[in-house]
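Results of the structural survey
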Amino acid sequence: MNFESYIRSGILESYALGLGTPAERAEVERNIAQYPVLAAELKAIEDSLAAYAQAHAIAPPDGLKSKILEKIESEMKAPTPEPTPDPPSSEGGSGGGWTLKSLLPWFIAGIAVALGVALWTSKTEYREQQALMRTMEQQLKDCKSDSMLQQQLRQDMAFINDPATRRIDMLGDVGGQLSVYLNASQQAVFATTARMKPLPANQDYQLWVIVEGNPNPVPLEVFQPGSDPLALVPVSFREKVQAFAVSLEPKGGSPDGKPTQVLMIGALS
Amino acid sequence: MQDQLIQQLQSRDSVAIGRLYDAYGAALFGVVLRIVGSKELAEQVLQDTFLKAWKNGESYDPSKGQLFTWLVNIARNTAIDATRSAHFKNQKHTSDITTLYQQPDSGSMNPEHVGVRELIEKLDEKYRKLVDLVYFQGYTQEEVAETTGIPLGTIKTRLRYAITELRRYFIFIWFFMQ
């Protein structure tokens with residue numbers, strides 16, 4: 001299938017708008033089930049339309065929600081038969097009254113289970129303690145041998161904890177998660193990129209800034225998801241930043257200086 | 001969280017309807033109000049929409065589209081049916097379509113969303129109007145083509161272009177509404 005021309009035909013937009021004949025709709029459903037590329041395309045279309053609708057949202061009158069829920073409650077009570085509760089187990093039920101004799105086996109079984117649990121717990125605890133000791137020993141070794149990494153982490157910690165550093169969490173989890181750390185007095189910006197979703201080989205993420213007085217986003221670094229969750233990735237510094245954004249781009253970054261598809265945005269509050 | 005909501009919806013749990021109302025009630029009311037044109041009727045349509053969603057919850061299939069798309073399609077169809085039975089369809093439908101398509105929109109946008117307005121205005125008027133007609137007014141592409149005299153092929157191409165442009169900025173739109 002030629003995905004390009006299929007997408008360009010506009011059939012996915014029609015589908016998202018609830019248009020098209022039943023046959024056309026069934027065909028789209030078959031295709032999105034079979035080709036993830038088309039499913040992703042449809043999702044992007046749906047997201048845009050939903051955002052457009054949200055932008056035009058009008059608050060419904062007060063009390064409508066409870067009216068709807070009441071209506072549902074009353075319909076719920078009406079036709080559907082209540083599921084019957086499980087009948088009580090008949091075994092031993094008719095005799096009425098417990099005798100000491102009938103309880104004895106249960107009592108013994110109870111003690112046996114309790115003993116078993118106690119033994120098992122102490123054994124597990126011992127094993128866990130051993131494992132913890134081993135981990136701590138290993139960590140101690142790692143610490144000693146990894147003083148370089150330690151140094152780096154200390155620097156990063158100092159940067160993050162600097163009172164002038166601002167953390168901006170990106171909103172929108174389409175691409176994963178990303179935070180930007182901006183320190184205007186040090187003129188330094190870093191990002192954590194390890195929690196972004198992996199990309200196909202022909203795509204990259206790109207960071208953008210929106211600066212005061214310029215309505216167009218300014219392109220910054222093109223990147224792939226990082227592998228080290230602790231790593232701070234350096235980002236270019238710009239003055240008067242109002243917001244950062246992440247877009248999905250073809251390999252190498254935006255071809256026309258504009259974001260192709262903005263996935264996430266985070267503003268300085 | 002979405003998975004849990006879908007499960008509740010599919011098992012006809014009324015909690016799901018409350019959650020859907022909180023998340024999408026206002027967006028759906030905006031769409032419905034634009035189609036039916038009266039607040040009272042829009043209220044009735046929104047109520048019917050959520051009742052239908054509750055009754056048909058088990059038919060929602062996440063592999064075929066997102067929850068909001070499913071809901072907005074129920075809302076749009078319910079609204080169109082309501083206008084038809086309220087028989088102002090013929091007077092309203094054709095007179096509106098030409099004026100709506102030709103005149104610039106005076107301000108259907110939520111005024112407090114100034115950022116959104118700027119962003120959406122980036123979208124050329126003729127494209128934006130088309131999205132509004134189909135998405136908010138419930139016209140089919142064929143109806144738009146017939147009434148405006150613009151070839152169906154052109155309408156389809158423009159609609160696709162319009163949504164593609166929206167995509168560039170949708171997260172900004174979403175963000176500025178928060």
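Residues numbered from 1 in each chain as written. Chains lettered and ligands numbered in written order. Predicted model: local features only at pLDDT ≥ 70, side-chain atom pairs only at ≥ 80, totals over all residues. Heavy atoms only, no water.

1. Side note on the overall build of chain A
A count of helical and extended segments in chain A gives seven helices and eight strands. For chain A, the proportion of its 269 residues judged to be buried stands at 33%. Residue pairs in contact within chain A that sit at least 24 positions apart in sequence constitute 56% of those at least 6 positions apart. Summed over all atoms, the accessible surface of chain A reaches about 17100 Å², with 59% contributed by carbon and sulfur. (Helix = DSSP H or I, 4+ residues; strand = E, 2+ residues; numbered from the N terminus. Buried < 20%, exposed > 50% of the residue type's maximum accessible area, 1.4 Å probe, protein only. Contact = heavy atoms within 4.5 Å. Areas by Shrake-Rupley, 256 points an atom, 1.4 Å probe, with all protein chains shown as cover.)

2. Re the overall build of chain B
A tally of helices and strands in chain B yields nine helices and zero strands. Overall, chain B shows an N-to-C arrangement of helices and strands of α-α-α-α-α-α-α-α-α.

3. Section: the environment of B:Gly57
Residue and element names in this part refer to chain B. Looking at where Gly 57 falls in the secondary structure, it is placed in the loop between helix H3 (39–55) and helix H4 (67–85). Residue classification places Gly 57 among the buried positions, given a relative accessible area of 0%. Each C-alpha atom of the pair Gly 57 and Gln 10 lies 4.7 Å from the other, and the pair is 47 residues apart in sequence. Residues in contact with Gly 57, not counting those within four places in the same chain, are Leu 9, Gln 10 and Trp 70.

4. Topic: the layout of surface pockets
By volume, the second largest pocket is sized at about 430 Å³. Together, 27 residues line the second largest pocket, and A:Gly18, A:Leu19, A:Gly20, B:Thr140 and B:Gln141 are the ones closest to its centre. Those elements giving two or more residues to the lining of the second largest pocket turn out to be helix H2 (11–16) and helix H3 (22–34) of chain A together with H4 and helix H8 (141–148) of chain B. Looking at the lining of the second largest pocket element by element, the count peaks at six residues for H4(B). (1 Å grid on protein atoms, 1.4 Å probe; cavity = no way out; pocket = protein on both sides within 12 Å on 5 of 7 lines; lining within 4 Å. Points joined across faces, edges and corners; volume = space filled by probe spheres on them.)

5. Some words on a nonpolar patch on the surface
Residues and elements named next belong to chain A. Where nonpolar side chains cluster on the molecular surface, the patch consists of Leu 149, Leu 153 and Leu 230 and spans about 260 Å² of accessible area. Checked against the element boundaries, Leu 230 lands in the loop between strand S5 (218–223) and strand S6 (233–235). Of the residues examined, Leu 230 reaches a relative accessible area of 56% and is grouped as exposed. (Patch = residues over 30% accessible without salt bridge, like charges linked within 9 Å, V, L, I, M, F, W, Y side chains within 5 Å. Salt bridge = Lys/Arg side-chain N within 4 Å of Asp/Glu carboxyl O.)

6. Notes on helix H7 (residues 125–136) of chain B
Residues and elements named next belong to chain B. Taking 1.5 Å per residue, twelve residues should reach 16 Å; H7 reaches 15 Å between its end C-alpha atoms and fits that length. All buried positions along H7 are accounted for by Tyr 127, Arg 128, Lys 129, Leu 130, Val 131, Asp 132, Leu 133, Val 134, Tyr 135 and Phe 136. With its phi angle positive at about 80 degrees, Gly 138 sits one or two positions after the end of H7. (Expected span 1.5 Å × (residues − 1).)

7. Examining the sheet that holds strand S4 (residues 203–211) of chain A
Residue and element names in this part refer to chain A. With respect to topology, four strands assemble into an open sheet ordered S5-S4-S7-S8, the strand pairing being antiparallel. Single-partner strands in this sheet number two, and they are S5 and strand S8 (261–267). Averaged over all adjacent pairs, the angle separating strand axes in this sheet is 25 degrees, with direction ignored. The pairing of S4 with strand S7 (residues 241–250) spans nine bridges and is classified as antiparallel. Its bridge partner lying in S7, Leu 207 is registered against Val 246. (Pairing = 2+ DSSP bridges. Axes fitted to C-alpha atoms, helices over the stretch in contact; angles between N-to-C directions.)

8. Quick word on the sheet that holds strand S2 (residues 179–183) of chain A
All names here are of chain A. On the basis of which strands lie adjacent, the open sheet formed by four strands has the order S1-S2-S3-S6 and antiparallel pairing. The outermost strands of the open sheet, each flanked by one partner alone, are strand S1 (165–169) and S6. Within the sheet, the average angular offset between the axes of one strand and its neighbour, ignoring direction, is 25 degrees. Against the sheet, helix H7 (residues 147–161) touches S1, S2 and strand S3 (188–192), its axis set at about 75 degrees to S2.

9. A look at unusual backbone geometry
Trans peptide bonds make up most of the peptide bonds, and negative phi angles are found at most residues other than glycine. Residue and element names in this part refer to chain A. One non-glycine residue with positive phi stands out, namely Gln 187, at about 50 degrees. Relative to the helices and strands, Gln 187 is located in the loop between S2 and S3. Residue classification places Gln 187 among the partly exposed positions, given a relative accessible area of 46%. A positive phi angle is found at Lys 240, which is not glycine, with a value near 55 degrees. A relative accessible area of 55% means that Lys 240 is categorised as exposed.

10. Some points on the nonpolar core
A:Leu12, B:Ile17, B:Leu20, B:Leu28, B:Phe68 and B:Tyr135 are the most contacted members of the largest nonpolar core, which has 71 residues in total. In contact with B:Leu20, not counting residues within four places along its chain, are B:Leu5, B:Leu9, B:Gly25, B:Phe50, B:Leu67 and B:Leu71. Counting 24 residues, the second largest nonpolar core, distinct from the first, contains A:Leu199, A:Phe237, A:Val241 and A:Leu248. (Core = buried A, V, L, I, M, F, W, Y, C linked by side-chain atoms within 4.5 Å.)

11. Here we look at the interface of chain A and chain B
Many descriptions give the size of an interface as the accessible area lost when the pieces come together. Listed as interface residues are 60 residues of chain A and, on the opposing side, 61 residues of chain B. Buried area between chain A and chain B, summed over both chains or domains, comes out near 5600 Å², and the portion from carbon and sulfur atoms is 65%. Taken together, chain A and chain B are joined by five salt bridges. Across the pair A:Lys67 and B:Glu43 runs a salt bridge whose closest N-O atoms are separated by 3.7 Å. If you look at where chain A meets chain B, you find twelve residue pairs in polar contact (both at pLDDT 80 or more). Contributions of two or more residues to the side of chain A that touches chain B are made by helix H1 (3–8), H2, H3, helix H4 (36–55), helix H5 (64–77) and S8 of chain A. Residue contributions to the side of chain A that touches chain B peak at 15 residues, all from H4(A). Partitioned by chemical class, the residues of the side of chain A that touches chain B number 36 nonpolar, ten polar and 14 charged. (Buried area = accessible area lost by both parts, 1.4 Å probe. Polar contact = N/O pair within 3.5 Å; in protein donor to acceptor, adjacent residues only side chain to side chain. Nonpolar A, V, L, I, M, F, W, Y, C, P; charged D, E, K, R; others polar.)

12. Here we look at the packing of aromatic side chains
Inspection of the entire model under this criterion finds six aromatic pairs over all chains. An angle of 80 degrees between the planes, with centres 5.0 Å apart, marks the rings of A:Phe159 and A:Phe190 as edge-to-face. A residue pair is termed long-range when its members are at least 10 positions apart, and A:Phe159 in helix H7 and A:Phe190 in strand S3 qualify at 31 residues. For A:Phe190, a relative accessible area of 22% puts it in the partly exposed group. Here the guanidinium or amino end of B:Arg12 rests over the ring plane of B:Trp54, the centre of that ring lying 4.4 Å away. (Phe/Tyr/Trp six-rings, centres within 6.5 Å; stacked < 30°, edge-to-face > 60°. Lys NZ or Arg CZ within 6 Å of the ring centre and 35° of its normal.)

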